[in-house]
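Structural features, examined
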Amino acid sequence: MAFILIANGVWRQANRADQGAKAEETIGHDLNSLQRSGWHIEYGRRLPLVGDVDIICRSPQGQVFAIDVKSHRGTVIHNRGQLHRQVGNSQYPFEKDFLGQVKRQAVQLKEADDYSYVTPVLVFSRAKVNVSGGQAGNVYVVARQDLRSLLLDQG
């Protein structure tokens, strides 16, 4: 019986990893056109202490963005300093502090490459995002369809 529980856990973890990889690939495809207009885009950069940064974008003007891709469903809201997923009338906090995670990635990237500033961005590939002003705790939080325009506006 214990083997079955372990196998189910491994299967769920593998399924989440596959879902995340597909989300990153989809977002990467959305950003391909930026490269033709002078943007530099890097995928899956490993940094000590924070793991990997899903996507790093540098605009022709030198603005740098650390982008963390999430593949959750539902509607993302910001409530009491924390991101939640709303499904129907219920709100559920996410399993991790996504805002803190992408901020740490931005700081590590800034220090590693000696950038003056790196803008943290959290993008949801499958969820609706309903975050007032598009920011939560100095992190841009956007849905997939809004990422490209955010980068162009801020870059």
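This report concerns the structure included in the present document. All figures in this text were calculated on a predicted structure; none of them were measured in a lab. (Residues numbered from 1 in each chain as written. Predicted model: local features only at pLDDT ≥ 70, side-chain atom pairs only at ≥ 80, totals over all residues. Heavy atoms only, no water.)

For strand β5 (residues 82-87) and strand β6 (residues 90-93), the ladder comprises four bridges, and the chain directions are antiparallel. Looking at the pairing, His84 lines up with Pro93 of β6. Hairpin connection between β5 and β6: a loop of two residues separates the two successive antiparallel strands, and Gly88 in this loop has a positive phi of roughly 65°. (Pairing = 2+ DSSP bridges. Helix = DSSP H or I, 4+ residues; strand = E, 2+ residues; numbered from the N terminus.)

Of all seven residues that make up strand β7 (residues 118-124), seven are buried, and the element is covered over most of its length. The two faces of β7 match: Val118, Pro120, Leu122 and Phe124 on one face and Thr119, Val121 and Val123 on the other face are all buried. Alignment of β7 against strand β10 (residues 139-143), held across four bridges, turns out to be parallel. Bridge assignment links Val123 to a residue of β10, and that residue is Val142. (Buried < 20%, exposed > 50% of the residue type's maximum accessible area, 1.4 Å probe, protein only.)

This paragraph deals with the sheet that holds strand β8 (residues 128-130). Sheet architecture is open: four strands sit in the order β6-β5-β4-β8, paired in mixed fashion. Both edges of this open sheet fall to β6 and β8, since each of them pairs with a single strand only. Across this sheet, the average inter-strand angle for adjacent strands is 35°, counted without regard to direction. As judged from the five bridges shared by strand β4 (residues 75-79) and β5, these two strands associate in the antiparallel manner. Note on β5: the bridge partner recorded for His78 is Leu83. (Axes fitted to C-alpha atoms, helices over the stretch in contact; angles between N-to-C directions.)

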